[in-house]
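What follows is each chain in one-letter form.
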Amino acid sequence: MSRRVAITGLGAFTSIGSNVGDFWAACREGCTAVQPIPAKWRDFVRCNSPVWSPLPADAGGDGLVSDIERTKLDRVAVIAMRTAGEALANAGFGIERIDTKHNRYAIRGVAPDRTGVSIGTGVGGVTSLLSNAAHHMLSKQVPRLDELAAALPTAAPGLETIGRMRADIMIPFRANPFIVSMLMPNAVSANVAIKFGIQGPAQTACSACASGTVALGAALQAVRSGAVDVAIAGGAEYLGDDYGIVYRGFDIARTLASRDDPALADDALNRPFDADRTGFLFSEGGCGILVLEDLEHARRRGAPVICELSAYAETCDGSSIMMIDAEGTQIVRMLHGLLAAAGLSPEDVDYVNAHGTGTKVNDDIEAAIIGRVFGSRPLVNSTKSLLGHTIGASGALGAIVAALSIRDGTTHVCRNLTTPIADLNFVRGEVRQPIRAAVAQSFAFGGHNAAVLLRAPS
Amino acid sequence: MNRGVDEGEVFRRVAAVIAQVLDVDESSVTMESDLVADLGADSIDRMTLVMALEDAFQQRVPEEHLPTLTTVGKTVNFITERLRAASASSP
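On a predicted model such as this, the values are computed, not experimentally measured, just so you know.

Rules behind the numbers
Residues numbered from 1 in each chain as written. Chains lettered and ligands numbered in written order. Predicted model: local features only at pLDDT ≥ 70, side-chain atom pairs only at ≥ 80, totals over all residues. Heavy atoms only, no water. Helix = DSSP H or I, 4+ residues; strand = E, 2+ residues; numbered from the N terminus. Rg over C-alpha atoms; globule rule 2.2 N^0.38 Å. Contact = heavy atoms within 4.5 Å. Areas by Shrake-Rupley, 256 points an atom, 1.4 Å probe, with all protein chains shown as cover. Pairing = 2+ DSSP bridges. 1 Å grid on protein atoms, 1.4 Å probe; cavity = no way out; pocket = protein on both sides within 12 Å on 5 of 7 lines; lining within 4 Å. Points joined across faces, edges and corners; volume = space filled by probe spheres on them. Nonpolar A, V, L, I, M, F, W, Y, C, P; charged D, E, K, R; others polar.

Asker: Even after reading the chapter, I still don't get the overall build of chain A, so can you show me in this structure?
Answerer: Looking only at helices and strands, one finds 15 helices and 16 strands in chain A. Taking 2.2 N^0.38 as the reference for a compact globule, 458 residues should give roughly 23 Å; the C-alpha atoms of chain A span a radius of gyration of 23 Å, in line with that estimate. Expressed along its principal axes, the backbone C-alpha trace of chain A runs to roughly 80 × 55 × 40 Å. Within chain A, contacts between residues separated by at least 24 positions form 78% of all contacts whose residues are at least 6 apart in sequence. For chain A, the accessible area works out to roughly 17300 Å², and carbon and sulfur atoms hold 53% of it.

Asker: Could you clarify how one ought to interpret the sheet that holds strand S2 (residues 35-36) of chain A in this entry?
Answerer: What holds strands together in a sheet is hydrogen bonding between their backbones, with the strands either parallel or antiparallel. All names here are of chain A. In space, the three strands of this open sheet follow the order S2-S3-S9, with mixed pairing throughout. In the strand order of this sheet, the two ends are held by S2 and strand S9 (282-283), each with one partner. Looking at chain direction, S2 and strand S3 (residues 51-53) are connected through two bridges and run antiparallel. Residue pairing for S3: Pro36 is matched across the bridge by Val51.

Asker: When you look at empty space enclosed by the protein in this model, what are you seeing that I'm missing?
Answerer: All chains considered together, the criterion is met by three cavities of 30 Å³ or more. In this structure, the largest cavity occupies an estimated 90 Å³ of space. In this structure, the largest cavity is lined by 15 residues; those nearest its centre are A:Asn353, A:Thr383, A:Lys384, A:Ser394 and A:Gly398. When residues of the lining of the largest cavity are assigned to their parent elements, the largest contribution, four residues, is made by helix H15 (residues 394-408) of chain A. When the residues that make up the lining of the largest cavity are grouped by side-chain class, the tally is four nonpolar, ten polar and one charged. Lining the second largest cavity are B:Leu35, B:Arg46, B:Leu49, B:Val50, B:Leu53, B:Val61, B:Leu66, B:Leu69 and B:Thr75. Sorting elements by how many residues they give to the lining of the second largest cavity places helix H2 (residues 43-57) of chain B first, with four residues. In terms of residue class, the lining of the second largest cavity is made up of seven nonpolar, one polar and one charged.

The following block contains the structure:
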C-alpha cells in the first residue's frame, strides 16, 4: 500500500508566537525575539554569546495539562501535548475528555489504533535531570553553609564568600520521584499518546538538530504504508535550565552567535547566510506539530488540506560527530534521493527552507549544496534567522513554514541578511508567488542529514 | 499548644487536594478514609498526592514517610505536626 499523505493541521509554540497563527504572522513580519542571556548564568562561567531567544513565560491556561500533571512532567512534554492539541483542533478533530482523574482525552473521527505519534527531540527532559542533579548534589550543602556562617563571628572574613556560595545554589523544592519518566526522550511522544489515548506506534526520533525532520519521515512512512491513518508528528525541545548548562555546552564549543562587531545590536547578531555571521542564536526551545493524514481519509471527513507531504530522505555523513562534511556529498545524495522519491526535478522546487544555522562552516557548505542541486532560482530562507535554533524542534518548524508558504504563496525574509555569502535567491523582502513544491532540510551533530518535500495539493 | 495551626483547617485543605488529585467527591473524604481501599489511590497517585500536598502547604514530606501516610487522618496529623514544628522554629 502506498497512500498520499496530507497535512491537515498545524500547531506551533515558539519564541515569536505561542500558536501557529501568531507564529506565522510573526514570521511574515520578520519578527524575532532576542534577549540578553539571564544574568545569573554569568555568575558561573564566561559567556561568549550575549543573547538567547526565550519562550513565552507560560504555555498553560487551557486545562489540557493541569498544574498537578505539570509537577510530573518536563516542560518539553507539556509544550508537546499542548501543541499537539492545537494541531488536532486545527485539523478539525474534536477532542473530548474521557478521564477526569488523569485528564485524558479521546480524538473523535479516527480510531485510537489507527493513530500514531512521531515526535523528535534532541535532549528530551534534560533540564529536569539537571535540576534534580542540583538537588541531589547541593541540597545538603545549603544547611551546612548556613551552619558555617552561623559559627563565624559577625563580619568575619569569609562570610561574604559563604553568602555568594549560598546564592549560587539554585535547587528545586524537592527531588522529583518522577524524574526518570520526565527525562527520558520518549516521554515526549509517550505523553502525547497518553493525553489523547493513541494506540498506534508512538515513536521518538533522537537525531539532534534533525530530530523533528526524522520524526516527520517516520510518520510519513507510517501513514503512507497504511499502518495508521493519522499521525501526530513533529519536534519539541526545551533547553532553559537555571544554570545555563545546556547553553554553555554550545557556547563553549563556539557555535553560538557572538558580538564580534561592537556596533551590532542584540537582534542583529543572528545572521544566517550573511558574511558577518558568527554562530547561531540559542533558543530556549519550542515545538512544531503537523497532523499527517491519509489523503482519502482527510477527504472523507471534509478536512482542510494545507498541502501534501510527498517525500522524505535521510543520509548520514558517517565521518564526524560535530563537523558537517566539507563536500556535502551525503547531503547532495539525500536531496537527489528526495527528488527521486517525489518524482520531481530540481527545477520543480520553488522554495528551500534551509537548515541555515548561521554558523560559519554550516552556512558555507549548505549554500554551496543548494546552488549545486537547485541552482539560484528557488526562494531560500532560514527560519532560524527569526527563532534562533530550537534543535530538535527546528526541522518540524521549518516544515510548518514550508507548508504555510505553499498555502499562502509567500514566505518570510531571511532576517539580518545584508551581505549574502552566495548567489542564491535569498528572501530579503516581501515575495508573492505560487510555490508548487518546497524542501525543508536539517543537518545535525552526528552527521544526520534529513529532508522532507512538500507539495501544493492537487 | 497548637501554635495557631488548626487541625480542622488542615483537614479541609488536605481533603480539597485529595479530591482534586484522586478525582473523588470532597464530601466522601473523612479522617478515617484509607487512601487505597476507600479512595482508590494507586502507588503513582500516592506520590502525586504527596507532591500536591507539599506544594499546597509548602512543607517537604521526606520520602521515608511516604509509606506511613496510608489514611487521610495520618496525612493530616503529619502535616499538622510539620506546620506546628515550622511555626515553633520561626522567629
